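# Working through the structure, step by step
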Amino acid sequence: MTYFKILTSGIAKNLVAKRQGEIKFGEEVLFGCADKSIEEQIKLTPAKFILFGIAEDIGVRANFGKPGAKNAWRTVLETLLNIQSNQFNSARELLVLGHFDFDTIDQSKSKSNEIKSLRNAVKTIDSEVSNLVYLIKKNGKIPIAVGGGHNNAYGLIKGCSLALKSKINVINLDAHTDLRALEGRHSGNGFSYAIFEGFLDRYFIFGLHENYTSESILKLIYDSKQIEFISFESVCIKNKLSFKKALKMGGAFVSSSSFGIEIDCDAIAHCPSSAMTPTGFSSTQTRQFVINMSQNTKSEYLHICEAAPKNYQKKRDYNVGKLISALITDFMGANTSNN
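The paragraphs below set out a description of the structure included in this document. Everything quoted here is computed from the prediction, not taken from an experiment.

When you go through the chain residue by residue, the secondary structure sums to twelve helices and ten strands. The C-alpha radius of gyration computed for the chain amounts to 19 Å, which stays within 12% of the reference 20 Å derived for 339 residues, consistent with globular compactness. Classification of the 339 residues of the chain by burial places 58% in the buried group. Within the chain, contacts between residues separated by at least 24 positions form 80% of all contacts whose residues are at least 6 apart in sequence. A distance of 2 Å separates the average location of the 41 positive side-chain charges in the chain from that of its 33 negative side-chain charges.

Here it is in structure tokens:
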């Protein structure tokens, strides 16, 4: 995997702020090894979960979106490694493998055929992500992917589907459907391609924003038996059904077989993202969503994308890191309690 950078314990220790009388998460989790192949590390690790980052916003920009999603991984990593390791989480169950760095294929500086070149680059990203996820699932581990655009849902779905030798289902907490046309790969059509290519079966959009969904997309959903949604407004504004009922409906639709859990941060109110919204699910509701879905034994992966912290180098926007770190440990805790 040409674009993957292993995170070794030697590198990671510089990110951990040790404190007397405390044990930080980064002192207990497992890290990658520079002298072993990625597949060997995945196969031999005692960890149940494999965390990796995707530092790119190529897919977002290929969809005419705003940059910034490439910054999420670093922000999350620094925060996650510095939470407390205690009885409420299971640091030893996590291998922090490293992250993808796709800077060398980012041709955005060339304005000539910019969108076309970005979309071609996304195909390379798809291949790299799906190959890694395939290795993780083939070896009986559970992938957790953080960072980048929602284009990477395709790689998660394809990798899982190939490893499990069957289509999978997905539940996606998102303000948008990402069911745009098959017009070249970008962050707005990962699910379209996954359905078209036979990797995705049932797809549920949880929290769709009514004002940002075209009539043509709504018709596509209504005409399909594979796709269902619950709008954000129906739950939190119009009070047509409770949040608890919505969780039950979404879970029932996808849990007939193996399914993935997708979190697009543009569905979370005030979370910095390429399509940041002032009205959306709260951070607490998002955590409840993750716990509820990952308690099901058929949940296969967690993908958190589209967060776009702007000032991570100035050690601001750490709330993004705190939220996503909580989602990671929520997923691990709920999934582990199933066994």
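With 25 residues, helix α5 (residues 114-138) extends 36 Å from end C-alpha to end C-alpha; this agrees with the ideal 36 Å at 1.5 Å per step. Looking one or two places after α5, you find glycine 140, whose phi comes out positive at around 75°.

To continue, consider the packing of α5 against helix α6 (residues 153-164). Each pair of packed helices can be summarised by the angle the axes make with each other and by the distance between the axes. Orientation of α5 relative to α6, taken along the N-to-C sense of each, is 40°, at an axis distance of 7 Å. The angle between the axes of α5 and α6 places the two elements in the oblique class. α6 is crossed by α5, and the crossing has right-handed handedness. Contacts between α5 and α6 involve Asp126, Val129, Ser130, Val133, Tyr134, Lys137 and Lys138 from the first element and Tyr154, Gly155, Leu156, Lys158, Gly159, Cys160, Leu162 and Ala163 from the second. Split into classes, the residues belonging to the contact of α5 with α6 amount to eight nonpolar, three polar and four charged.

Moving on: the pairing of strand β5 (residues 142-146). Most of β5 sits out of view: five of its five residues are buried. Neither face of β5 is exposed, since Ile142, Ile144 and Val146 on one face and Pro143 and Ala145 on the opposite face are all buried. Summarising the sheet, strand β3 (residues 49-55) and β5 pair through five bridges and their orientation is parallel. Directly across from isoleucine 50, in β5, lies its bridge partner proline 143. Sheet topology note: the β5/strand β10 (residues 299-305) ladder contains three bridges and is parallel.

So, about the packing of helix α10 (residues 243-254) against helix α11 (residues 283-294). The geometry of α10 relative to α11 is characterised by a closest axis approach of 11 Å and an angle of 40° between their N-to-C directions. Classified by the interaxial angle, the pair formed by α10 and α11 is oblique. Every pair of crossing elements has a handedness; the one defined by α10 and α11 is right-handed. Contacts between α10 and α11 involve Phe243, Leu247 and Gly251 from the former and Gln285, Gln288, Phe289, Asn292 and Met293 from the latter.

Oppositely charged side chains may form a pair once their charged atoms are brought near each other. The full count for this structure, using the stated rule, is twelve salt bridges. Close ionic contact of aspartate 101 with lysine 5 constitutes a salt bridge, the shortest N to O distance being 3.1 Å. Highlighted residues: aspartate 101 in strand β4 (residues 94-101) and lysine 5 in strand β1 (residues 4-6), separated in sequence by 96 residues. Since its relative accessible area comes to 19%, aspartate 101 is described here as buried. Judged by its relative accessible area of 45%, lysine 5 falls in the partly exposed class.

The rules behind these values
- Residues numbered from 1 in each chain as written.
- Predicted model: local features only at pLDDT ≥ 70, side-chain atom pairs only at ≥ 80, totals over all residues.
- Heavy atoms only, no water.
- Helix = DSSP H or I, 4+ residues; strand = E, 2+ residues; numbered from the N terminus.
- Rg over C-alpha atoms; globule rule 2.2 N^0.38 Å.
- Buried < 20%, exposed > 50% of the residue type's maximum accessible area, 1.4 Å probe, protein only.
- Contact = heavy atoms within 4.5 Å.
- Lys, Arg positive; Asp, Glu negative; His and termini not counted.
- Charge placed at Lys NZ, Arg CZ, Asp CG, Glu CD.
- Expected span 1.5 Å × (residues − 1).
- Axes fitted to C-alpha atoms, helices over the stretch in contact; angles between N-to-C directions.
- Parallel < 35°, antiparallel > 145°, perpendicular 65-115°, else oblique.
- Left-handed = near helix turned anticlockwise from the far one by under 90°.
- Nonpolar A, V, L, I, M, F, W, Y, C, P; charged D, E, K, R; others polar.
- Pairing = 2+ DSSP bridges.
- Salt bridge = Lys/Arg side-chain N within 4 Å of Asp/Glu carboxyl O.

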